[in-house]
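Below are the chains, spelled out letter by letter.
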Amino acid sequence: MPALFLALVALALRAWDFDNPVIHVDEQYYLLVGSRIWDGDIPFIDLWDRKPVGLFLLYALPALFPGNGVLAYQLMATAAAAATAIVLRASALRIGARRSGALLAGIAYLLWLSPLGGRGGQSPVFYNLPIALAVFWTLGLPALARSGRQAAIIGSGFVACLACGLAIQLKYTAAVEGAFVGLSHIWWLHRAGARIGTSVLAALLWMVAGVAPTAMAVGAYAAMGPSALSAFWFANFDSIFLRPAYPLDQVAMRLLGIAAQLSPLMACALLGWRMRPRPTPAALSLAAAWLLAATGGFIAIGTFFDHYALPLVGPLALLSAATLARRPRAAIGALGLGVLLFLAERAFIPDDAPGARETARLVQLNSRGECPYVFIGDTITYHLAHSCVPTAYAFPNLLAYSTEQGATGVDEAGEVRRILNRRPPVIISSTRKLDIWNRASLYEVKHALRSDYRRVWSTPRSQWETVLYLRNDLSFRR
């Protein structure tokens, strides 16, 4: 019954966005790349990004279902969120929380996904599940060690590290949490009385399990040839270190916003820690260590977009379970603020889905079999319009933002020039004003729009407008 209840809560919180193709720019691109895999496109070669290939393989699954895959991936994300909440409830019971607190911790997890950009299918919505499962097995280690069950610890470590390995193939920062899981198993295997040789062999087995999914990805690209392996390696491991930093004021404001949104959960987690039994139960200490590991992954990239904080929600909800059960006022206050955050977001989020669908319809009508170009806008347009894609760097930020300049492996402005030289029938741009434009790319687009294109249609998109430009020699089809 608690599992069913959490599943219904997940459905109720997330159904508002079902079939909305423009929840977040990231998942639009994941769906585009995933769907094009079935057409023979290869991630990092035909469509470029720096996310692990496992994420794109996951997003290839919705294309197997009827429709355009939008609703399918959102149902998958809802199932992942609900399952994660169920695992967190079980973990809360494992660290000694009352049943009521464990259930409320699961609800808190679901509630805080939305304000932090997890309304749809951001990668942490999916990879939080294997990490939560790995942590659940990790929390059982003290009991196994007390009874000297070394074989059970070795088996637990293998499954937990394999789960972390799968999470790493959804986002590489999950490796920090994976390291916590592996090191915890090594320590508790030692506490169970294992010999050094046994511990070393077990650690090697767990490392193999954790690395195996990524090693399989490397092997698959190596089998395609040296150029494919080089493209994979650059996108996945080299390019991130070439990115220029975002302006410090933007990073600081993002970090403050995340802290403000998480503050109710942080307060409950801190109060729960202060109320802990003395001496501190080992499982509870492991839960606190999970929060530290998740924080390490959050800090690792340093850009502090709101969805990067989604891995923090699980451990914070888990550590809040004691407070949510034993301090009714704190529970009402924290969850009440969570509901207010959710409702406030719902109230201020414009319904951009109709405009996005109409944009795609007009692009399909006016492309005339050629490739349109989305310079700034929604990459889901390519997918919904069933159009070809004019560049491997189809995610707009890659060519349009200074924060990607020099980090893609190509001359970004030169790539924009190449696209425009092929005279796309339609160009999608925006009235959005930014401080981080790639000035050279922006110049190329503005020059082409002034000389060869005319504005024929626009629609509201967030706080700005999406604008459709049509080549001057073409008649506008509606």
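See the structure above.
Below, the structure is looked at part by part. (Residues numbered from 1 in each chain as written. Predicted model: local features only at pLDDT ≥ 70, side-chain atom pairs only at ≥ 80, totals over all residues. Heavy atoms only, no water.)

To continue, consider the overall build of the protein chain. Each helix and strand counted, the protein chain has 20 helices and four strands in total. Here the C-alpha atoms of the protein chain give a radius of gyration of 24 Å, agreeing with the 23 Å that 2.2 N^0.38 yields for 478 residues. Overall size of the protein chain, expressed as C-alpha extent along the three principal axes, is 80 × 55 × 45 Å. Across the 478 residues that make up the protein chain, the buried fraction comes to 56%. Element-wise, carbon and sulfur atoms account for 65% of the exposed surface of the protein chain, whose accessible area totals about 20100 Å². Considering the protein chain, the positive charge centre built from 41 side chains and the negative charge centre built from 27 side chains are found 12 Å apart. (Helix = DSSP H or I, 4+ residues; strand = E, 2+ residues; numbered from the N terminus. Rg over C-alpha atoms; globule rule 2.2 N^0.38 Å. Buried < 20%, exposed > 50% of the residue type's maximum accessible area, 1.4 Å probe, protein only. Areas by Shrake-Rupley, 256 points an atom, 1.4 Å probe, with all protein chains shown as cover. Lys, Arg positive; Asp, Glu negative; His and termini not counted. Charge placed at Lys NZ, Arg CZ, Asp CG, Glu CD.)

Cis peptide bonds are those with omega within 30 degrees of zero, and the linkage from Arg-278 to Pro-279 qualifies with -5 degrees. As for its position among the elements, Pro-279 is in the loop between helix 12 (248–274) and helix 13 (282–301). Look at Asp-19: it is not a glycine, yet its phi comes out positive at around 70 degrees. Topologically, Asp-19 is positioned in the loop between helix 1 (2–14) and helix 2 (25–37). We classify Asp-19 as partly exposed; its relative accessible area is 35%.

So, about the nonpolar core. Within soluble globular proteins, side chains that are nonpolar generally end up buried alongside one another. Counting residues in each nonpolar core, the largest one holds 147 residues, and the members touching the most others are Leu-110, Leu-262 and Tyr-373. Setting aside its immediate chain neighbours within four residues, Leu-110 contacts Leu-6, Val-9, Ala-10, Leu-13, Ala-81, Ala-82 and Ala-85. (Core = buried A, V, L, I, M, F, W, Y, C linked by side-chain atoms within 4.5 Å. Contact = heavy atoms within 4.5 Å.)

Together, Lys-433, Arg-439, Lys-446 and Arg-450 make up a region of like positive charge exposed at the surface. Looking at the element boundaries, Arg-450 is found in helix 20 (residues 439–452). (Patch = residues over 30% accessible without salt bridge, like charges linked within 9 Å, V, L, I, M, F, W, Y side chains within 5 Å. Salt bridge = Lys/Arg side-chain N within 4 Å of Asp/Glu carboxyl O.)

Okay, the pattern of salt bridges next. As enumerated under the stated definition, the model contains 15 salt bridges in all. A salt bridge links Arg-418 to Glu-415, with the shortest nitrogen-to-oxygen separation between them at 2.9 Å. Here the residue Arg-418 and the residue Glu-415 both occupy positions in helix 19 (residues 412–421), the gap between them amounting to three residues, near one helical turn. Overall, Glu-415 belongs to the buried group, its relative accessible area being 12%. Ionic contacts of the salt-bridge type, sharing partners, join the residues Glu-370, Arg-423, Arg-471 and Asp-473 into one network.

A few words now on the state of the cysteines. Applying the stated criterion to the full structure yields one disulfide. Here Cys-164 stays unpaired: no disulfide links it, and the sulfur of Cys-161, its closest cysteine neighbor, is 5.9 Å away. (Disulfide = S-S within 2.5 Å.)

Time to look at the packing of aromatic side chains. For the structure on display, the rule yields 21 aromatic pairs. Centre to centre, the rings of Tyr-29 and Phe-395 are 5.3 Å apart; their planes meet at 50 degrees, and the pair counts as tilted. Here Tyr-29 is found in helix 2, whereas its partner Phe-395 is found in the loop between helix 17 (380–384) and helix 18 (396–400), with 366 residues between them in sequence. Taken together, a centroid distance of 5.3 Å and an interplanar angle of 50 degrees make the contact between Tyr-172 and Phe-237 tilted. Placement of the pair is Tyr-172 in the loop between helix 8 (150–168) and helix 9 (174–191) and Phe-237 in helix 11 (residues 226–238), with a sequence separation of 65 residues. Among the aromatic residues, those joined into a cluster by ring pairs are Tyr-30, Phe-44, Phe-56, Tyr-59, Tyr-73, Phe-126, Tyr-172, Tyr-221, Phe-232, Trp-233 and Phe-237. A cation over an aromatic ring shows up here: Arg-254 above the ring of Tyr-246, its NZ or CZ 4.5 Å from the ring centre. (Phe/Tyr/Trp six-rings, centres within 6.5 Å; stacked < 30°, edge-to-face > 60°. Lys NZ or Arg CZ within 6 Å of the ring centre and 35° of its normal.)

Another aspect to go through is helix 10 (residues 196–224). Here helix 10 spans 41 Å end to end across 29 residues, near enough to the 42 Å set by a 1.5 Å rise per residue. Maximal helix bending in helix 10 amounts to about 50 degrees, located at Ala-212; proline Pro-213 follows within four positions. Burial in helix 10 covers these residues: Ser-199, Ala-202, Ala-203, Trp-206, Ala-209, Gly-210, Pro-213, Thr-214, Ala-217 and Tyr-221. Turning to helix 10, the residues buried within the fold contact helix 3 (53–60), helix 8, helix 9 and helix 11. Of the residues trailing helix 10, Gly-225 is marked for its positive phi of about 125 degrees. (Expected span 1.5 Å × (residues − 1). Bend = angle between axes of the 7 residues up to and from the residue.)

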